[in-house]
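Examining the three-dimensional arrangement
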Amino acid sequence: MSLATRGALVMFAGLCGAMDGASAQESEDRRRRAAATPARSGATHEPPAVLLAPINVEGSLPDHIDETPGAAARLSAEQIDALRPYTLHDALDFIPGLRHIDDDALGRRSSIGVRGAPSRRSRKTLLLEDGVPINASAYLDPSAHYTPPVERLQSIDVLKGAGHVLHGPLNNHGIVNFINQRPTLTPQTTVEAAGGNLGSFKRHLMHSRTDGALGTVFSYTGMNADGVFDTEDTQFDDFYARADWALSSRQTLSASATYLRERSHYDESNLTPIEFDLAPRRKRDRFGQQYNTMAVDYQKYALTHDFQISERLSMSTSLFATDIDRPRFTVDPDEIELDALPDFVYDDPARQFVRGQSGVMISRSRQYNTYGVDSRMQLSDLWAFGTRHDLQWGIRFERHFLDNAESFGDVGEVLSVNNRGHYFGENEFEEAMLEKYQASAVSGFFQDTLRFGRLSITPGVRVEHYTQSKDLKFEADTLINERQADDHTLVLPSIAALYDLDERTQLYGNVARGYTPAFARTAEEFPLKPETGINSQVGFRTAPARSLRIDGAVFYNVIRDTVVQEPYTIDGENLVVNAEDSIAYGIDLGLRLGLSPADTHSGLAPFAELAYNYTRAEFTAGELDGNRVPEVPLNAGSLTLGIAHRAGWEISATASHFGSFFTDLANTRNRTLADEDGVPLQAGDNIEIREPAVLGEVASHTIFSARASYSFGSKPRTTLWLQGRNLSDKLYVTDHVNGLRPGAERSVMAGATLRF
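Residues numbered from 1 in each chain as written. Predicted model: local features only at pLDDT ≥ 70, side-chain atom pairs only at ≥ 80, totals over all residues. Heavy atoms only, no water.

Notes on the overall build of the chain
When helices and strands are counted, the chain shows six helices and 39 strands. Its C-alpha atoms give the chain a radius of gyration of 27 Å, within 12% of the compact-globule value 27 Å for 756 residues. Seen along its three principal axes, the alpha-carbon backbone of the chain occupies a region of about 95 × 65 × 50 Å. Every one of the 756 residues in the chain was classed for burial, and the buried ones make up 58%. Across the chain, the fraction of contacts at a sequence separation of at least 24, relative to all contacts at a separation of at least 6, is 68%. Surface accessibility of the chain: about 29300 Å² in total, with carbon and sulfur atoms responsible for 56%. (Helix = DSSP H or I, 4+ residues; strand = E, 2+ residues; numbered from the N terminus. Rg over C-alpha atoms; globule rule 2.2 N^0.38 Å. Buried < 20%, exposed > 50% of the residue type's maximum accessible area, 1.4 Å probe, protein only. Contact = heavy atoms within 4.5 Å. Areas by Shrake-Rupley, 256 points an atom, 1.4 Å probe, with all protein chains shown as cover.)

Quick look at the structure:
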């Protein structure tokens, strides 16, 4: 922090202190005087101060979720430990309003949706990790290629249709913030190892401690598992470290670093309907897909400074940077004869890939770099105009860079992360390409929470300005250097209300404008329009008994220029379009019933959890009027029943349901092969088989999972556990994008966890 900035803060703190008693001693003296002064008729007195916790740029929810003026949920580390999800995606089943589409067995291709947001690649959901955006590039290509492993999370915090002022962009539907483990006062170590069928092997080590003024956390998590096809497998290794340094009683400096390395035999070339019906998990020897691979190298660095300037005034600032290297390598067979399926008859026999002899592989590499600074301030318990105010304001700046490249190998050459092919040279099959994208974004916000007894009202506004540019550097053997640019300014007002009906029940409502930036990396003409929306909801939270908690919300969103990804590609690029305007309305319902041994007068503690969402998202104009928005099911949710015993054992089972959804704008019902324009193929046509376009409704499915554990001892505290997913081994389709992809088959894993 510069001397000029520090001086300005000190001056501002002094002003606040002079205006409303900034120092702790002055506030205490003022409270004592107020308490000692008898009330007089017609006199007004400032009530005792109620100070908020200092603002923290890493968080998205208050410590007490009941203080949130909107729909919110928190899945704690204790709940995650008890429910033992196989993947991060599976953990989201327990949060009403969230859903996911599994594009791989471990959920590494993040596809998280909230309410009316399509799930694919989490492109319309703001994903944060300790407040830092982890969508690859929110202002260029918001696909998510990284999410943290659940083993090192302290909680998963979710805002649904709320938080539009403090967080953006991608704030039309929902915000998910993954909170990492914080340093513990005493040394704590967790060691976990597990294995099971489908080649699954999990390992986890985490240590946290505080020594004097320095608190530290280190975590390693690794996982190996087979995929959903016979050619697929995944391995990732995740490293995380954090240090919190208490500079003084008022200041803390935190630094964190993350590195994830993934190496997978995985591709996005899925099956045609006739192939799926015959062999739903076979890709081997279709066109050399056993050579197709994908890699992710993800790095994130953050430096956060928290400053309690005075009793009332606090400031939190974060500097962050992310780096994603995501290459994908695939055989390109070009076209085959439709009528010959399931056999492959190549339009050009030379395209058949035989290692060292024929055919060609291509590399699709994307390099994302983001840099940003986010600074926020809070002035709490300001008494003015006859009421109490809590003010929050902040500013953020980000720079984003994306290199989108395509290169090719020699005839019969296998490409990999260490050999990405050539940009130039002789190749009769493929053409190389390089696009460079950049974005700059600056945003600011201000909100004021006015408190009137049990009622609080929070008006606020967020302003975002961003620029995008696209530079086509070269294509084939031609240097082009063609540049396009665009910019947008959006004003996002919001108003929210929270009413404490009693100590156990809160009512809330809010109306806010949100938006999704125009996607820059798309086969559609650059630039697209940003998607904007008016999001409204009313809801309640109640705990009528110590053992029971119920959350419910009704929402209604009006969306303009709805951004939708079509289920087919053009020259290997996703086709993302501004479709018609749309609406999304529905309900969220969450219920938790947990009895204690005292309630049952035994050692048993039964519990039940329900997470349910109904969303109808449909277009409201043009030729699409009345059609449902792709990738948004009507119903999704889970029901969990379980029982624990004070002796240390616990068992539970979950039924998870995901409703049917359409994959295309026209809402085609039957499975239909189409060309790059979405036109159904006819007999005698050829089909581009690398990423086949399959239209049609994806059927609903319900799968069952269960887990059991037994914990004993104190140091170390040992837990033996068993977990199973898709226990009935149900065969179902998760999506039609780039062909039919089955869901994961039955998996069973057993492990041991030691804590000391």
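Still more to cover.
Some remarks on the nonpolar core
Counting residues in hydrophobic clusters, the biggest one holds 63 residues, and the most contacted among them are Leu-75, Ile-95, Ile-156, Val-176 and Phe-178. In terms of residues, this core owes the most to one element, strand S6 (residues 153–160), which gives four residues. For Leu-75, the residues in contact, after removing those within four places along its chain, are Ile-80, Leu-83, Ala-91, Phe-94, Ile-95, Ser-155 and Ile-156. (Core = buried A, V, L, I, M, F, W, Y, C linked by side-chain atoms within 4.5 Å.)

Remarks on the sheet that holds strand S5 (residues 132–133)
In space, the five strands of this open sheet follow the order S1-S6-S7-S4-S5, with mixed pairing throughout. Strands with a single pairing partner mark the edges of an open sheet, and in this sheet they are strand S1 (71–76) and S5. Here S6 runs beside strand S7 (residues 174–180); their pairing, made up of seven bridges, is antiparallel. Across the sheet, the residue bridging to Ile-156 is Phe-178, located in S7. (Pairing = 2+ DSSP bridges.)

Some points on the packing of aromatic side chains
Taken as a whole and assessed by the stated rule, the structure comprises 13 aromatic pairs. Ring plane angle 80° and centroid distance 5.6 Å describe the contact between Tyr-423 and Phe-474, whose orientation is recorded as edge-to-face. Taken together, the residues Tyr-423 in the loop between strand S17 (387–408) and strand S18 (433–452) and Phe-474 in strand S19 (residues 455–475) connect sequence positions 51 residues apart. The exposure class assigned to Phe-474 is buried, which follows from its relative accessible area of 8%. Centre to centre, the rings of Tyr-466 and Tyr-515 are 6.1 Å apart; their planes meet at 20°, and the pair counts as stacked. With Tyr-466 in strand S19 and Tyr-515 in strand S21 (residues 505–516), the pair connects residues that are 49 residues apart, well separated along the chain. Like Tyr-466, the residue Tyr-515 is buried in the burial classification. The ring of Phe-236 is capped by Arg-108, whose NZ or CZ atom sits 4.7 Å from the centre of that ring. Sitting above the plane of the Tyr-266 ring, Arg-109 keeps its charged end 5.3 Å from the centroid. (Phe/Tyr/Trp six-rings, centres within 6.5 Å; stacked < 30°, edge-to-face > 60°. Lys NZ or Arg CZ within 6 Å of the ring centre and 35° of its normal.)

Quick look at unusual backbone geometry
Cis geometry marks the peptide bond from Leu-341 to Pro-342; its omega dihedral reads 10°. Structurally, Pro-342 is set in the loop between strand S15 (335–337) and strand S16 (361–384). At Asp-334, a position not held by glycine, the phi torsion is positive, near 65°. On the secondary structure map, Asp-334 appears in the loop between strand S14 (313–331) and S15.

Regarding a nonpolar patch on the surface
A contiguous nonpolar surface patch, about 490 Å² in accessible area, is contributed by Val-191, Leu-205, Phe-218, Phe-239, Leu-754 and Phe-756. Summarising the element assignment, Phe-239 is placed in strand S11 (residues 233–246). Here Phe-239 falls in the partly exposed class, since its relative accessible area comes to 36%. (Patch = residues over 30% accessible without salt bridge, like charges linked within 9 Å, V, L, I, M, F, W, Y side chains within 5 Å. Salt bridge = Lys/Arg side-chain N within 4 Å of Asp/Glu carboxyl O.)

Describing the pattern of salt bridges
Taken as a whole and assessed by the stated rule, the structure comprises 55 salt bridges. One salt bridge connects Arg-376 with Asp-374, and the closest N-O pair in it is separated by 3.2 Å. For the pair shown, Arg-376 and Asp-374 are each scored as buried.

Comments concerning the environment of Leu-641
Its place among the elements puts Leu-641 in strand S28 (residues 635–645). Classification of Leu-641 by relative accessible area gives exposed; the value is 52%. Sequence separation of Leu-641 and Thr-654 is 13 residues, and the distance between their C-alpha atoms is 6.6 Å. Excluding residues within four positions of it along the chain, Leu-641 makes contact with Phe-607, Ala-608, Ile-651, Ser-652 and Ala-653.

Quick notes on the confidence of the model for the chain
Of all residues in the chain, 92% have pLDDT values of 70 or greater, and the mean over the chain is 91. Confidence over residues 1–46 falls short of pLDDT 50; this stretch has 51 contacts with residues more than four positions distant or in other chains. (pLDDT = per-residue confidence, 0-100.)

Topic: the pairing of S28
Alignment of strand S27 (residues 604–619) against S28, held across eleven bridges, turns out to be antiparallel. Note that in S28 the partner of Ala-605 across the bridge is Ala-644. Pairing geometry for S28 and strand S29 (residues 649–658), over nine bridges, is antiparallel. Paired with Thr-640 across the bridge in S29 is Thr-654. What sits between the antiparallel neighbours S28 and S29 is a turn of three residues, in which Gly-648 has the positive phi angle 120°.

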